[in-house]
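Chain residues, written in single-letter form:
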Amino acid sequence: PRLGPALPCCVGGLRPTRWSRERLPSLSSRRVELFDRMHSEERPFIGAELPLVKQRFAELTAGAIADAQAAGVPIVLCTMARNLRDWAPSASCFAEKLHAQPGLRERWDEAYLAGPTAPDPETGQPDPARALEELEHAAAIDDTPAKLHYALARAHDALGHDDAARASYRAALERENGPSRAQDWVEQTIRDVGAKAGVPVIDVQRRFDTAGRLGLAGHEFIWDGLHPNLRGHELIASMVLSTLEQELHVPFDRSRDIERADGLERLGITTQTEQIGRAGEVLNLVKLALQAGDVNQTWKQAHDGCREVLTEGETGLLVPPADAPGL
């Protein structure tokens, strides 16, 4: 019985099989990576099946709760941290009309690319007002791409248009193609399923947003788009401990608590550790940018991340100051 599943692998590895597969296309087992292909074609990766994806996510979350409760294990849910303000969408898609009309796509690209570099006629420096004007020209052609909304958000942000900036940052996430960060429907599903099951829900997303500028989380607590930095993990830990104490009534002997600096020292966590971690994230971005083979948003983030790691050293965004909001 154990040989059955392994047999195809054994046969597939034999030299005659490999020889035949190389010379007879019908025997080839090449995989078509739909996710990568749809991204490279800038078409939506998820379409009509999205309602089913949402349904399955809710069912699986509820199932995890039911399994824990059946085993007599207390469970809490957490929403997910996400960086909307300081992290651009990983991929965008375009309306079909731009795929059908290359000239229209060229006009869109021209307006979009002119936005971030649009200069002030007097100073020659990038002008967010002129950038916004160019980006709105692109939006008039096609407002589908997530990267357009992120660029609009940055322009509004620079101009002090807080409400418009918030709305555009959120739109960028909601339009992201194959997002790695939790979209609003994911966060709300966690809240709804937890409430229905009567289990505590630790709203990490709202707590992080409350501590961030514009009411949106950024690099204060998150390294990249979704991974908390040291202070982000500390904030999550404090929320989990409070919930375990107050809602699940787990007893903790707080007389054994130690000072933060002492705890970091005992754990061997230093500013240099943060620097190394951030450098690792940047190297991964560089790898993704090289794989993409063109100058896209991932390339820009990798470029900016390298500059950040090289210039910030042991200060700046790598380790927020002790008086960072939310702690």
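Above this text you will find the structure in question.
What counts and what doesn't
Residues numbered from 1 in each chain as written. Predicted model: local features only at pLDDT ≥ 70, side-chain atom pairs only at ≥ 80, totals over all residues. Heavy atoms only, no water. Helix = DSSP H or I, 4+ residues; strand = E, 2+ residues; numbered from the N terminus. Buried < 20%, exposed > 50% of the residue type's maximum accessible area, 1.4 Å probe, protein only. Contact = heavy atoms within 4.5 Å. Areas by Shrake-Rupley, 256 points an atom, 1.4 Å probe, with all protein chains shown as cover. Expected span 1.5 Å × (residues − 1). Arc of directions from axis to C-beta. Phe/Tyr/Trp six-rings, centres within 6.5 Å; stacked < 30°, edge-to-face > 60°. Axes fitted to C-alpha atoms, helices over the stretch in contact; angles between N-to-C directions. Parallel < 35°, antiparallel > 145°, perpendicular 65-115°, else oblique. Left-handed = near helix turned anticlockwise from the far one by under 90°. Nonpolar A, V, L, I, M, F, W, Y, C, P; charged D, E, K, R; others polar. Patch = residues over 30% accessible without salt bridge, like charges linked within 9 Å, V, L, I, M, F, W, Y side chains within 5 Å. Salt bridge = Lys/Arg side-chain N within 4 Å of Asp/Glu carboxyl O.

## What about the overall build of the protein?
Step number 1: A tally of regular secondary structure across the protein gives 15 helices and two strands.
Step number 2: Among the 327 residues that make up the protein, the fraction classed as buried is 35%.
Step number 3: A fraction of 67% describes how many contacts in the protein between residues 6 or more apart in sequence connect residues 24 or more apart.
Step number 4: Element-wise, carbon and sulfur atoms account for 57% of the exposed surface of the protein, whose accessible area totals about 19,200 Å².

## With respect to helix α4 (residues 50-70)
Step number 1: Look at α4: 30 Å from first C-alpha to last across 21 residues, which is about the 30 Å you get at 1.5 Å a residue.
Step number 2: Residues of α4 that are buried include every one of T61, I65 and A68, and no others. Taken end-on, α4 shows its buried residues confined to a sector of 70°, consistent with a single buried face. For α4, the exposed residues set more than 90 degrees away from the buried face come down to P51, L60, D67 and A70.
Step number 3: On its buried side, α4 packs onto β1 (77-78) and α10 (184-197).

## Side note on unusual backbone geometry
Step number 1: The phi torsion at E42 lies on the positive side, around 55°, for a residue other than glycine.
Step number 2: Relative to the assigned elements, E42 resides in the loop between α3 (34-40) and α4.
Step number 3: A positive phi angle, close to 65°, is found at L214, a residue other than glycine.
Step number 4: Along the chain, L214 falls in the loop between α11 (204-211) and α12 (230-246).

## Details of the side chain of H156
Step number 1: With respect to the helices and strands, the residue H156 is situated in helix α8 (residues 146-158).
Step number 2: By relative accessible area, H156 is classed as buried at 12%.
Step number 3: Once residues lying within four places of it in the same chain are set aside, the contact partners of H156 are L132, H161, A164, A165 and S168.

## Examining α8
Along an α-helix, a turn takes 3.6 residues, which lines up residues three or four apart on a common side.
Step number 1: Taking 1.5 Å per residue as the helical rise, α8 with its 13 residues ought to reach 18 Å, and the 19 Å between its terminal C-alpha atoms agrees with that figure.
Step number 2: Taken across its 13 residues, α8 has eleven buried, putting it largely inside the fold.
Step number 3: Within α8, burial applies to A146, K147, L148, H149, Y150, A151, L152, A153, A155, H156 and D157.
Step number 4: Just downstream of α8, G160 is the residue with a positive phi angle, here 80°.

## Some words on the packing of aromatic side chains
Step number 1: As enumerated under the stated definition, the model contains five aromatic pairs in all.
Step number 2: On the numbers, 5.8 Å between centres and 85° between planes, the contact of F57 with W185 is edge-to-face. With F57 in helix α4 and W185 in helix α10, the pair connects residues that are 128 residues apart, well separated along the chain.
Step number 3: Given a relative accessible area of 25%, F57 falls into the partly exposed group.
Step number 4: Look at W185 and you get buried, because its relative accessible area is 19%.

## Let's talk about the packing of α8 against helix α9 (residues 162-174)
Step number 1: Between α8 and α9, whose axes approach to 8 Å, the crossing angle comes to 160°. On the basis of the axis angle, α8 is roughly antiparallel to α9. When you trace α8 past α9, the crossing you get is left-handed. Note on element contacts: α9 touches α8 through A164, A165, S168, Y169, A171 and A172, opposite A146, H149, Y150, L152, A153, R154, H156 and D157.
Step number 2: Of the residues assigned to the contact of α8 with α9, the class counts are nine nonpolar, three polar and two charged.

## Some words on a nonpolar patch on the surface
Step number 1: A grouping of I46, L50 and V53 is seen on the molecular surface, where their side chains present a nonpolar patch of about 190 Å² in accessible area.
Step number 2: Looking at the element boundaries, L50 is found in helix α4.
Step number 3: When its relative accessible area of 30% is taken as the criterion, L50 is described as partly exposed.

## A few points about the packing of α4 against α10
Step number 1: In contact at an axis separation of 10 Å, α4 and α10 are set at 40° when each is read in the N-to-C sense. In terms of crossing hand, the pair formed by α4 and α10 is right-handed. Only W185, V186, T189, I190, V193, G194 and A197 of α10 make contact with α4, whose side of the interface consists of V53, K54, F57, A58, T61, A62, I65 and Q69.
Step number 2: Here the residues of the contact of α4 with α10 sort into ten nonpolar, four polar and one charged.

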